[in-house]
Amino acid sequence: MYAFYGHDPVFLVIEHDGSEITMIKFISEEKYWQHQALELMDKYTNRIKEQLKYYFSGSLKSFDLPHTCAGTDFEKNVWAATKAVSYGETAKYSDIANAIGNPGSARAVGNALNKNPLPLIIPCHRIVGSDGALHGFGGGLVIKQWLLKHEAKYKS
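Residues numbered from 1 in each chain as written. Predicted model: local features only at pLDDT ≥ 70, side-chain atom pairs only at ≥ 80, totals over all residues. Heavy atoms only, no water.

1. Concerning the pairing of strand 1 (residues 2-7)
To keep things clear, this is the line we draw: Two strands qualify as a pair provided DSSP detects at least 2 bridges between them. Secondary structure elements are taken from DSSP: a helix is a run of H or I of four residues or more, a strand is a run of E of two residues or more, and numbering for both begins at the N terminus.
Across 6 bridges, strand 1 lies against strand 2 (residues 10-16) in antiparallel orientation. Residue pairing for strand 2: histidine 7 is matched across the bridge by valine 10. In textbook terms, the turn of a hairpin is the stretch between consecutive antiparallel strands, and for strand 1 and strand 2 this stretch comprises 2 residues.

Have a look at this one:
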C-alpha cells in the first residue's frame, strides 16, 4: 500500500504493508498531485500521516513507526548510527564511520546512506561532509537544506 504526504517543499510516497513501512521516497509535487488520490486509507496510513504532520509542525522529534529495511550488515550499522543523530543536530560521515567502528570508511558510509530506504525515519539529511558542506541526498540538496533549517528552528 502507498501513503502520500505533502508539506511544501517536501512531497513523499511511503510504501507499507499495513503494519510496517518498507520505503519512503521523495517525489515531485506534480507526481504527488497525480497519485495521492489513489491512496487507500487504513489505520496505519493514518498513523503515518499523523506523525508526519507533527514532524512538519515541529512537535515530533523522532518517529515511532514500525519499519523494516533490507541491507547489508554494514548498511544496517550505518543506518542505526544515523538514527542516533539527534533532531536538529548534524554529524559528519566520518563520525558515523567512527561510531560503527570503521574509521576511514566515510566514503562507504556515504554509499550506505545513498541506499537509505527510509529517509526522515533514518535521518540521513543530518549527515554532512567533513567541512560541514551538504552532499548528496535522495530528495536533493534544496530539500536537505530545508529539513536541516526546519529542525534547527524547532530544536529546543
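2. Some details on the packing of aromatic side chains
Note the following rule: Any pair of Phe, Tyr and Trp rings, taking the six-membered ring for Trp, is counted once the centres come within 6.5 Å. Such a pair is stacked with planes under 30 degrees apart, edge-to-face with planes over 60 apart, and tilted for the rest. Burial status follows relative accessibility: with a 1.4 Å probe on protein chains alone, a residue under 20% of its type maximum counts as buried, one over 50% as exposed, and anything between as partly exposed.
Here the structure, examined in full by the defined rule, presents 8 aromatic pairs. When the centroid spacing of 5.8 Å and the interplanar angle of 10 degrees are considered together, the rings of tyrosine 5 and phenylalanine 56 count as stacked. With tyrosine 5 in strand 1 and phenylalanine 56 in helix 2 (residues 43-57), this pair connects stretches of sequence that are 51 residues apart. When sorted by exposure, tyrosine 5 lands in the same class as phenylalanine 56, which is buried. Note on phenylalanine 11 and tyrosine 32: the rings are 5.3 Å apart at their centroids and 45 degrees apart in plane angle, and the pair reads as tilted. Of the two residues, phenylalanine 11 is situated in strand 2 and tyrosine 32 in helix 1 (residues 29-35); the sequence distance between them amounts to 21 residues.

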